[in-house]
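# Secondary and tertiary structure notes
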Amino acid sequence: MKPKVLVTRRLLPEALAYLQEHARVEGGKSRRGLTRENLKAKIRDKDGLLCLLVDQIDRDIMDSAPRLKIIANCAVGFDNIDLGEARKRGILVTNTPGVLTETTADLTWALILATARKIPQSDRFTRNKRFRGWELDLFLGKELTGKRLGIIGMGRIGMAVALRARTFRMEVVYFDPCRLTPQEEKTLKAAFVPLDNLLASSDIITIHASLHPGTYHLISAENLRLMKKDAILVNVARGPIVDEKALARALARRQLWGAGLDVYEKEPAIQPELLRLDNVVLLPHIGSATYETRLRMAMMAARNLIQGLKGGRPDHLVV
Ligand code: GLV
């Protein structure tokens with residue numbers, strides 16, 4: 001008898017077809033996902049769950065899932081899942097590391113450039129037929145060449161971002177509780193510095209840390225005050241690492257030159273003040289959104305799920 005699997009939201013058809021070969025699958029077609037009540041009702045008889053990072057899988061949900069053996073998250077981050085509760089119940093949790101590194105590093109640079117050169121603002125201006133001809137001071141941005149890039153969180157994605165910084169001949173500093181080896185630092189031409197030094201000295205600060213209690217509001221009002229007045233802050237990691245209200249205030253007061261955000265504290269909600277500001281570029285959490293990468297993520301999550309349901313050790317086990 002095939003195991004029963006619930007997929008919370010729309011999955012790419014290739015991954016859904018793979019799951020259907022190995023399991024009796026419910027869901028996986030709707031963009032909007034399930035209400036919590038619906039999720040609780042549908043998970044009751046399921047052996048496996050494939051969920052996305054927007055699904056909060058907490059104790060309450062696990063209490064409604066007496067048969068659940070595995071939760072396969074289709075994301076590298078897993079802050080949406082209560083790992084302690086899963087561990088207590090012997091439920092396996094998997095993620096999708098490695099396959100989105102380059103795509104997310106590319107998007108980071110797209111966002112750095114878009115923010116530094118005011119690309120979305122210029123596009124809106126042009127579309128609104130306001131372009132009246134070349135002007136010496138039209139949309140003046142920030143140069144990157146020779147500037148200092150501060151990377152917070154030097155995991156796979158942070159390192160891929162550092163490699164790309166060479167093209168811009170930038171000086172790279174980083175902060176991470178786990179320091180790289182001297183060889184890695186040499187290869188990446190990245191120097192470790194304490195966080196307050198990074199904040200106070202970098203021209204561009206980009207966040208690639210994971211979200212956990214130690215990184216919640218790491219970029220606080222106080223830390224924002226340490227940054228240079230002409231610095232740019234970019235966040236493609238997780239929204240709650242930045243105190244979004246404090247960031248909006250800092251941007252409004254021009255205490256910071258600009259920001260590029262792909263993630264928000266309470267997605268999909270965004271601080272209303274940020275929406276009104278012209279020195280921030282806002283993206284809808286598309287860090288890993290290329291067809292190739294999302295397919296790799298969906299297939300990896302599906303394979304992890306089936307491996308776990310067949311009694312094996314999934315390749316990308318978190319707990
Ligand atoms: C995206 O944000 C991910 O964690 O995969």
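Provided above is the structure to which this section pertains.
So, a few notes on the structure that sits alongside this text. Being a predicted model, the structure only gives us computed values, none of them experimental.

### Some details on the sheet that holds strand E10 (residues 232–235)
The 7 strands lie next to each other as E8-E7-E6-E9-E10-E11-E12, forming an open sheet whose pairing is parallel. The strands lining the two open edges of the sheet, one partner per strand, are strand E8 (190–192) and strand E12 (280–282). Taken over all neighbouring pairs, the strand axes of this sheet differ in orientation by 20° on average, direction set aside. Strands E10, strand E11 (258–261) and E12 of the sheet are contacted by helix H11 (residues 244–252), whose axis makes an angle of about 145° with E11.

### Description of the pairing of E11
Side chains Gly-258 and Gly-260 of E11 all project onto a buried face; the interleaved residues Ala-259 and Leu-261 project onto the opposite face, where all are buried too. In this sheet, E11 lies alongside E10 in parallel orientation, the contact comprising 4 bridges. Bridge assignment links Val-234 to a residue of E11, and that residue is Gly-260.

### Things to note about the site of the ligand
Every residue near the ligand is listed here: Leu-53, Ala-75, Val-76, Gly-77, Leu-100, Arg-238, His-285 and Met-297. In the environment of the ligand, an oxygen atom lies 2.8 Å from a nitrogen or oxygen atom belonging to the backbone of Val-76. A distance of 2.8 Å separates an oxygen atom of the ligand from a polar atom in the side chain of His-285. Relative to its unbound accessible area of 190 Å², the ligand is 89% covered by the protein chains. Here the residues of the shell around the ligand are counted per class, giving 5 nonpolar, 2 polar and 1 charged.

### Here's the deal with the nonpolar core
Counting residues in each nonpolar core, the largest one holds 53 residues, and the members touching the most others are Leu-50 and Leu-149. The greatest single-element share of this core, amounting to 10 residues, is contributed by helix H13 (residues 291–309). Sequence-distant contacts of Leu-149, defined by excluding residues within four places in its chain, comprise Trp-109, Ile-112, Val-161, Ala-165, Met-170, Glu-171, Val-172, Val-173, Ser-202, Ile-204 and Thr-206. Among the nonpolar cores identified, the runner-up in size contains 30 residues, and Leu-198, Leu-224, Val-242 and Leu-256 belong to it.

How each quantity is defined
- Residues numbered from 1 in each chain as written.
- Predicted model: local features only at pLDDT ≥ 70, side-chain atom pairs only at ≥ 80, totals over all residues.
- Heavy atoms only, no water.
- Pairing = 2+ DSSP bridges.
- Helix = DSSP H or I, 4+ residues; strand = E, 2+ residues; numbered from the N terminus.
- Axes fitted to C-alpha atoms, helices over the stretch in contact; angles between N-to-C directions.
- Contact = heavy atoms within 4.5 Å.
- Buried < 20%, exposed > 50% of the residue type's maximum accessible area, 1.4 Å probe, protein only.
- Near = heavy atom within 4 Å.
- Polar contact = N/O pair within 3.5 Å; in protein donor to acceptor, adjacent residues only side chain to side chain.
- Areas by Shrake-Rupley, 256 points an atom, 1.4 Å probe, with all protein chains shown as cover.
- Nonpolar A, V, L, I, M, F, W, Y, C, P; charged D, E, K, R; others polar.
- Core = buried A, V, L, I, M, F, W, Y, C linked by side-chain atoms within 4.5 Å.

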